[in-house]
Structure formats: structure tokens, C-alpha cells
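Given next are the chains, with one letter for each unit.
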Amino acid sequence: MIELDLVKTSKDLRFNWCREEILEILNMPLIDLMWKAQIIHRKYNDYKVQLSSLFSVKTGGCTENCSYCSQSIYSSSQLKSNPLQEVASVLERAQLAKDEGAERFCMGWAWREIRDGSAFNSMLEMVRGVRKLGMEACVTAGMLNDNQAAKLAEAGLTAYNHNLDTSPEFYRNIITTRTYQDRLDTLKRVRNAGINICCGGIIGLGESKKDRASLLEVLSNMNPHPESVPINSLVAIEGTGLEDSKAIDSIEMIRMIATARILMPKSKVRLSAGRENLTKEAQILCFQCGANSIFYGDELLTTSNPACETDRRLLSEVGVSFNKNFSFNKNAVSSK
Ligand code: SAM
Ligand code: DTB
Ligand code: SF4
């Protein structure tokens, strides 16, 4: 039986979750799972959804073999040709995203690791520029060393995104050019530099429920919890190793979001890639049981995402708060 308890207790914030109890939560009757997640969500967060925009600064040509990714040299996906972007044009995109209401700007480089040099110096300038716009800045660019992490921290980087994707056990079925431990080492460097960690995963890779519980076990036993936890569902892209994967049932996404919320009460749980395959109603249930951020803007990195106006309308309908400080299509949404 679930108690209706809105008092925060030390029992809610734990770093010793074990896989069996996580699996039990994931498999709870949906109605109970959603209720429990909602109680935790209401206790620890206001009902605000953060809008984050994504931009691909360097697209394609990555030497890792992540089998879901169109940007890997091992995939035969047809990518829009997109040269390495200059600082000024990236900052222009950040300004546009801000004008649309985004509060966070996430920049991606399809690299196995960061190398020192002019591209890294430009990255630092981009981070400084995004922060100057008053936005949070997030970077995802593969592995890095301590010195690079320190420089990113000094530039004002809010968070570094580096996903674990799946369980340690299933990892080798998806990626073989790096290890789970490589990922954990990078995350440690990011944290040691004082940068927030953005770390989550993907469902729909062919993993079992046990693998999902195992991924959540790793994430929820980090102390502190990752500040940001993106939950993606696979976008099966033509030309990738996983192009023929079967789409997940939306209930799976709801269960994953709700469980992440219960395990990591204060983290931003981001309803990430795959929203185009979710109905409005499924997304609403995700917000209800704990998702408090979305990627906002018609493009993710190489695939599409719902239009800004559609998302603003959805969030207004749901009644959650979000940044209404945007200058485009202002009349398209009723401002509260
Ligand atoms: N190279 C960097 C890295 O691996 O961290 C950055 C970019 S990578 C595209 C960022 C994350 O997006 C991946 O770790 C993965 O979790 C997610 N992702 C990539 N392709 C995806 C897809 N087709 N469907 C769902 N999520 C995806
Ligand atoms: C994350 O977890 N998801 C975003 C962001 N972090 C970098 C990326 C999603 C990519 C979806 C596939 C694509 O557009 O290529
Ligand atoms: Fe490279 Fe990141 Fe894509 Fe993997 S997910 S192939 S590391 S860009």
C-alpha cells in the first residue's frame, strides 16, 4: 500500500538502491507506480518544465561504433552535410533558441574525445557566449581529460552530457569501441571539475527490463545523483545497426520516467529523444509522473522533434509552468 506522504524524509533521497528493488518499482501496477512517482515529484519539484534546445556543432564522422547513432563512421545514414560551425553562428542559434523560450542550450560534437586545439578553444568561447546570454550551457563531445574539464568549468559550463545508455551487462551489444568504465571515468572527471553531470540512457535497444533496472541502479547510486537524467527512446535511424528495431510501447517510457523520478527525486528528468512517437496523452503522463524537461526545437541532432509551437501548446494545455518569455509567435499560446 502506498502512503500519501508529502513530508520530505531522508528515506526519499538514497544512494543505495539495489537492482531487485528497482525492478520491483519498474514492474509495479502502473497506476501505483504513477501515484508514487507523482507524490515524490510534488514533494521535491514545482510543476515547471525546462525547455532545452539542442544544436549539432560537429555532425558525423565519429569513430565510435554506437549502433543507434547516425553520426558513427560505421553507419551508412545519409546525414545533412554540416561543416564544423563557427562560434558566431552557434551563438546566433543560441540567441534564436532563447527568443523561442529555451533556457538551456545544449551543443553536440560527434567526437570520440575532445582534443586540444582550435576546435576546443572555440567550444570554450561558445560556452562563454551562451552563459553571457543568460542561458544554461551543456556540452556533449565524448571523452575528456582533467585539464579540459577544468577549462570548461572555468568557461562557465553548466553541465556535461555523457550518457551511459544502457546497463553495464548489455553495453557490449551496443558499443564495442569503448567500455562502460571509460564512460564512468569521464563522468568522474566532469564531477571533479565541479560541472553538473547530465547522464541518462536509451530504451528500445533490445535490452531487458533487468537492463533498465541495472542502468537506473548505476545512475541512482551516484552521490550526488546526476543533476540531469535524459531518458531517450530509440529513434531507429536508417543506416544504423538498430534501424530495424521495433518501437517501444509508450507505457515503457512512462514506467522508466516514473522510476527515475522515484529514485532521483531532485534531478531534472528529461523526456528526450523519441517524443514524435509518443501521443500527446503519453507525454502528459510522463509530465505527470516526473518528467520536467524536454528538448525544444524542431531538430535534435540529426533527427526531427516536435515544433516549438506544438510543444508550447501542449505544455499550456497540461498546465505546467514553462518559460513564456519568448518573442516568436507570442500570440500562438495563451499566456498565463
Ligand atoms: N559523442 C557524444 C557522446 O557520445 O556522448 C555526444 C553525442 S550523442 C549523439 C548523445 C546521446 O544521444 C547518446 O549518448 C545517446 O544516449 C543519445 N542518442 C544518440 N542517438 C540516438 C538515437 N538514435 N535515439 C535515441 N537516443 C540517441
Ligand atoms: C540526450 O540524451 N539526447 C540528446 C542529447 N542528450 C544530446 C540527443 C538525442 C539524439 C537523437 C538522435 C539524433 O537526432 O541524432
Ligand atoms: Fe559518436 Fe556519440 Fe554517436 Fe557514439 S553517440 S557514435 S560517441 S556521436
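Structure: see above.
A short tour of the structure in this document, coming up. (Residues numbered from 1 in each chain as written. Chains lettered and ligands numbered in written order. Predicted model: local features only at pLDDT ≥ 70, side-chain atom pairs only at ≥ 80, totals over all residues. Heavy atoms only, no water.)

**Structural notes on the site of ligand 2**
Taken together, L54, T140, N161, N163, P230, N232, A273, F295, L300, L301, T302 and T303 form the complete shell of residues around ligand 2. N232 places a polar side-chain atom, nitrogen or oxygen, 2.8 Å from an oxygen atom of ligand 2. Contacts to ligand 2 include T302, whose side-chain N or O atom sits 2.6 Å from an oxygen atom. Relative to its unbound accessible surface of 410 Å², ligand 2 loses 87% to contact with the protein. Tallied by class, residues from the shell around ligand 2 come to six nonpolar, six polar and no charged. (Near = heavy atom within 4 Å. Polar contact = N/O pair within 3.5 Å; in protein donor to acceptor, adjacent residues only side chain to side chain. Areas by Shrake-Rupley, 256 points an atom, 1.4 Å probe, with all protein chains shown as cover. Nonpolar A, V, L, I, M, F, W, Y, C, P; charged D, E, K, R; others polar.)

**Focus: the pairing of strand β1 (residues 50-58)**
Counting buried positions along β1 yields eight of nine residues, so the element is predominantly enclosed. In this structure, β1 lies alongside strand β2 (residues 104-109), joined through six bridges in parallel fashion. Opposite F55, over in β2, you have M107 as the bridge partner. (Buried < 20%, exposed > 50% of the residue type's maximum accessible area, 1.4 Å probe, protein only. Helix = DSSP H or I, 4+ residues; strand = E, 2+ residues; numbered from the N terminus. Pairing = 2+ DSSP bridges.)

**With respect to helix α8 (residues 250-263)**
When the terminal C-alpha atoms of α8 are compared, their 20 Å separation across 14 residues agrees well with the 20 Å that a helix rising 1.5 Å per residue should span. For α8, the complete set of buried residues consists of M253, I254, R255, M256, I257, A258, T259, A260, R261, I262 and L263. (Expected span 1.5 Å × (residues − 1).)

**Comments concerning the environment of E243**
Here E243 lies in the loop between β7 (228-233) and α8. The sequence separation of E243 and S67 amounts to 176 residues, and the corresponding C-alpha distance is 8.9 Å. Apart from residues no more than four positions distant in its own chain, E243 is found in contact with A236, I237 and E238. Polar side-chain contacts of E243 include one of 2.7 Å to the backbone nitrogen of G239. (Contact = heavy atoms within 4.5 Å.)

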